[in-house]
Amino acid sequence: MAENNAQNKAKLISETRRRFEAEYVTEKSEKYDPRDVERLQQDDNWVESYLTWRHNVVDETLKMLDESFQWRKEFSVNDLSESSIPRWLLELGGIYLHGYDKEGNKLLWIRVKYHIKDQKTIMDKKKLIAFWLERYAKRENGKPITVMFDMSETGLNSMDMDFVRFIINCFKVYYPKYLSKIVIFDMPWILNAAFKIVKSWLGPEAVSLLKFTSKNEIQEYVSVEYLPPHMGGTDPFKYSYPPLVDDDFQTPLCENGPIASEDETSSKEDIEGDGKESLETVSNEEQPALSEKSNPTESASKTDENEKVDSKMKTFKKPLSVFKGHLLHISPAEELYFGSVESGDKKTLIVLTNVTKNIVAFKVRTTAPEKYRVKPSNSSCDPGASVDIIVSPHGGLRVSAQDRFLIMAAEMEQSSGTGPTELTQFWKEVPRSKVMEHRLRCHTVESSKPNTLMLKDGAANMSDKTSEDLYLQLNRLLESNRKLEDQLQRSIWFQQLLLAVTMVLLAFVVSFFYSLYS
């Protein structure tokens, strides 16, 4: 079944590419950016996102691609950068990326009170929206985003229907599949009529993605740690520019122990415990033959230690999904799966493989540095070699879907050293353009564990094929449940819309008869 779906998807992608080239590019090539046309031929995920949004109807997908590509050329989307946006607009803090919702989706904040309707600046504001969305799309290919419309302290002079329609079109046409939901906070009652028009623009499927909230409801979607105080949250973040504020990643706890502010006693215990369980790379395990011969006792102890390491390796299931970067192959490709605290399978594994002919330096960062210990967090990988990175929650803290990890990698000169001092200096000097970045999300599995989990003893004997089948079945069940929830939500919205229309008609009838007999 899954194989047939994959074949059908491949056929649709191929047909879309062939027909777009034949029916549109040949006639409108001057209206498209050649880089977008080239990307369409190479990026399956990009084509699939348009197909999925148009329910796999190729004719509708082609029209959507045409409209999207013309817009990308008009706005010079591929060339948008910080310098394309007026500095005062970046300093204002009306639009920016920061934090995550409870499902782990990035938040795009739109502080409506900072927007004043002005035809002179509207194009710059639209470009700022496009800049953030394109920046996010290049970093997080295909991962959804949640739009936070903060309408506190907002009046009629901030309501710009043209700007709102542009934002909606971005997700309906230009960035399909990226919208998780639109959370509208503290909308003034006077703007209710305007948002009835907005709903008509969204269409029936997207209407269910609108979430109207106040302080009492907003925590259903975003936890307090990512909400500002005026929304009832505890996030101390205050917008400032420069630099751009979307990089939430920091250095996690590493093998040297926790940050200084933590309790020293418990830290030492954790370090000793983790030290016993740490896995070392093959290069660290290899010892010169001369050393082995000169000290047989030490050699025997090393053998015992390696056997312990091998036994620990059995508790980890090698991740099957792989992200193929130009410097490193990273496994898993998208999500780190952690077991529950109750099961004891709290740790997980990241495997890095160097696919270059040079040494590659790497470091790991996270959005929750106080939660995790990473070993190694800053090291290097020889050409053709692999390194296992162990990630474990620290001090009993719980893994959250909001947490993210960032793998950074860059090629080193052959003559460069790979010690701590040399690596520190290397990261200070390496140009940002030469750094490969890849992001991973976190996921906790309570009982049924996908094949990217670390599995113990009996579970490790399960075949990879069986594990994959279970994972696919679990995903299908979750998808079915999600569709049912969406249908229920749409039904509720339709009933509310019907009630509103009935009330308007009733008011009209009453006013008509009142004027007739008065």
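Keep in mind the model is a prediction, meaning the values are calculated, not measured.

A. Looking closely at the sheet that holds strand 12 (residues 378-381). Read from one edge to the other, the open sheet built from 5 strands follows the order 8-15-14-10-12, with strand pairing classed as mixed. Here the strands that pair on one side only, and so sit at the sheet edges, are strand 8 (335-339) and strand 12. When strand polarity is set aside, the average angle formed by the axes of neighbouring strands in this sheet is 30°. The pairing of strand 10 (residues 360-366) with strand 14 (residues 404-411) spans 7 bridges and is classified as antiparallel. Bridge assignment links Val364 to a residue of strand 14, and that residue is Ile407.

B. The arrangement of empty space enclosed by the protein in detail. For the structure shown, the criterion picks out 5 cavities of 30 Å³ or more. Considered as a void within the structure, the largest cavity measures approximately 190 Å³ in volume. At the level of secondary structure, the elements contributing two or more residues to the lining of the largest cavity comprise helix 5 (87-92), strand 2 (106-111), helix 6 (122-139) and helix 7 (161-174). With 3 residues, the top contributor of residues to the lining of the largest cavity is helix 7. Across the lining of the largest cavity, the residue classes break down as 14 nonpolar, 3 polar and 3 charged.

C. Expanded view of the environment of Glu140. Position of Glu140 relative to the elements: it lies in the loop between helix 6 and strand 3 (145-150). Residue class for Glu140 comes out buried when judged on its relative accessible area of 6%. Each C-alpha atom of the pair Glu140 and Arg439 lies 7.3 Å from the other, and the pair is 299 residues apart in sequence.

D. Region of the structure containing the nonpolar core. Formed by 76 residues in total, the largest nonpolar core has its most connected members in Phe20, Ile129, Trp132, Phe149 and Tyr175. Core analysis: the next-biggest nonpolar cluster, separate from the first, contains 24 residues, Leu336, Phe338, Val399 and Phe405 among them.

E. Representation of the sheet that holds strand 4 (residues 179-185) within the structure. Taken in spatial order, the 5 strands of this open sheet run 1-2-3-4-5, and their pairing is mixed. The outermost strands of the open sheet, each flanked by one partner alone, are strand 1 (95-100) and strand 5 (210-213). Adjacent strand axes in the sheet meet at a mean angle of 25° when their direction is disregarded. Its contacts with the sheet place helix 6 against strand 1, strand 2 and strand 3, and it is angled at close to 35° to strand 1. Set on the sheet, helix 7 makes contact with strand 1, strand 2, strand 3 and strand 4; between it and strand 3 the angle comes to about 170°.

F. Representation of a nonpolar patch on the surface within the structure. Taken together, the side chains of Trp88, Leu92 and Tyr114 make up a nonpolar region of the molecular surface, amounting to roughly 270 Å² of accessible area. Looking at the secondary structure, you find Leu92 in helix 5. By relative accessible area, Leu92 is classed as partly exposed at 33%.

G. Spatial organisation of the packing of aromatic side chains. By the definition in use, this model includes 20 aromatic pairs. A centroid spacing of 5.9 Å and a plane angle of 75° characterise the contact between Tyr100 and Tyr226, whose relative ring orientation is edge-to-face. Here Tyr100 is found in strand 1, whereas its partner Tyr226 is found in the loop between strand 5 and helix 10 (264-277), with 126 residues between them in sequence. Of the two residues examined, Tyr100 and Tyr226, each falls in the buried class. On the basis of an interplanar angle of 75° and a centroid distance of 5.5 Å, the ring pair of Phe426 and Trp427 is categorised as edge-to-face. The exposure class assigned to Phe426 is buried, which follows from its relative accessible area of 13%. For Trp427, a relative accessible area of 12% gives the class buried. Ring-pair connections join several aromatic residues into one group, and the members of that group are Trp71, Phe75, Tyr136, Phe166, Tyr174, Tyr175 and Tyr178. The ring of Trp46 has Arg39 sitting right over it, with the charged end atom 3.8 Å from the ring centre.

H. Here's a closer look at the pattern of salt bridges. In the structure shown here, the tally under the stated rule is 21 salt bridges. Measuring nitrogen to oxygen at the nearest pair gives 3.1 Å for the salt bridge that ties Glu48 to Lys9. Taken together, the residues span a long stretch of sequence, with Glu48 in helix 3 (residues 44-53) and Lys9 in helix 1 (residues 2-28) at a distance of 39 residues. A relative accessible area of 39% means that Lys9 is categorised as partly exposed. One salt bridge connects Asp101 with Lys181, and the closest N-O pair in it is separated by 2.8 Å. Residue Asp101 is located in the loop between strand 1 and strand 2, and its partner Lys181 is located in strand 4; the two are separated by 80 residues in the primary sequence. Since its relative accessible area comes to 0%, Asp101 is described here as buried. For Lys181, a relative accessible area of 6% corresponds to the buried category. In this structure, a network of salt bridges that share partners links the residues Glu15, Arg19, Glu23 and Asp59.

I. Quick look at helix 14 (residues 420-429). Among all positions of helix 14, only Leu423, Phe426 and Trp427 are buried. What you see down the axis of helix 14 is that its buried residues fit within an arc of 95°, all on one side. More than 90 degrees from the buried face of helix 14, the exposed residues found are Thr421, Lys428 and Glu429. Looking at the buried side of helix 14, the elements it contacts are strand 10, strand 12 and strand 14.

J. Structural detail: helix 3. Buried residues of helix 3: Trp46, Val47, Ser49, Tyr50 and Leu51, and no others. A distance of 3.1 Å separates the backbone nitrogen of Asn45 from a side-chain oxygen at the start of helix 3, and that oxygen is part of Asp43.

K. Highlighting the side chain of Asp403. Looking at the element boundaries, Asp403 is found in the loop between strand 13 (386-393) and strand 14. Asp403 gets classed as buried once you look at its relative accessible area, which sits at 3%. At 2.6 Å, the side chain of Asp403 and the side chain of Tyr372 are in polar contact. Excluding residues within four positions of it along the chain, Asp403 makes contact with Thr367, Ala368, Lys371, Tyr372, Arg398, Leu440, Arg441 and Cys442.

Quick notes on the rules
- Residues numbered from 1 in each chain as written.
- Predicted model: local features only at pLDDT ≥ 70, side-chain atom pairs only at ≥ 80, totals over all residues.
- Heavy atoms only, no water.
- Pairing = 2+ DSSP bridges.
- Helix = DSSP H or I, 4+ residues; strand = E, 2+ residues; numbered from the N terminus.
- Axes fitted to C-alpha atoms, helices over the stretch in contact; angles between N-to-C directions.
- 1 Å grid on protein atoms, 1.4 Å probe; cavity = no way out; pocket = protein on both sides within 12 Å on 5 of 7 lines; lining within 4 Å.
- Points joined across faces, edges and corners; volume = space filled by probe spheres on them.
- Nonpolar A, V, L, I, M, F, W, Y, C, P; charged D, E, K, R; others polar.
- Buried < 20%, exposed > 50% of the residue type's maximum accessible area, 1.4 Å probe, protein only.
- Core = buried A, V, L, I, M, F, W, Y, C linked by side-chain atoms within 4.5 Å.
- Contact = heavy atoms within 4.5 Å.
- Patch = residues over 30% accessible without salt bridge, like charges linked within 9 Å, V, L, I, M, F, W, Y side chains within 5 Å.
- Areas by Shrake-Rupley, 256 points an atom, 1.4 Å probe, with all protein chains shown as cover.
- Salt bridge = Lys/Arg side-chain N within 4 Å of Asp/Glu carboxyl O.
- Phe/Tyr/Trp six-rings, centres within 6.5 Å; stacked < 30°, edge-to-face > 60°.
- Lys NZ or Arg CZ within 6 Å of the ring centre and 35° of its normal.
- Arc of directions from axis to C-beta.
- Polar contact = N/O pair within 3.5 Å; in protein donor to acceptor, adjacent residues only side chain to side chain.

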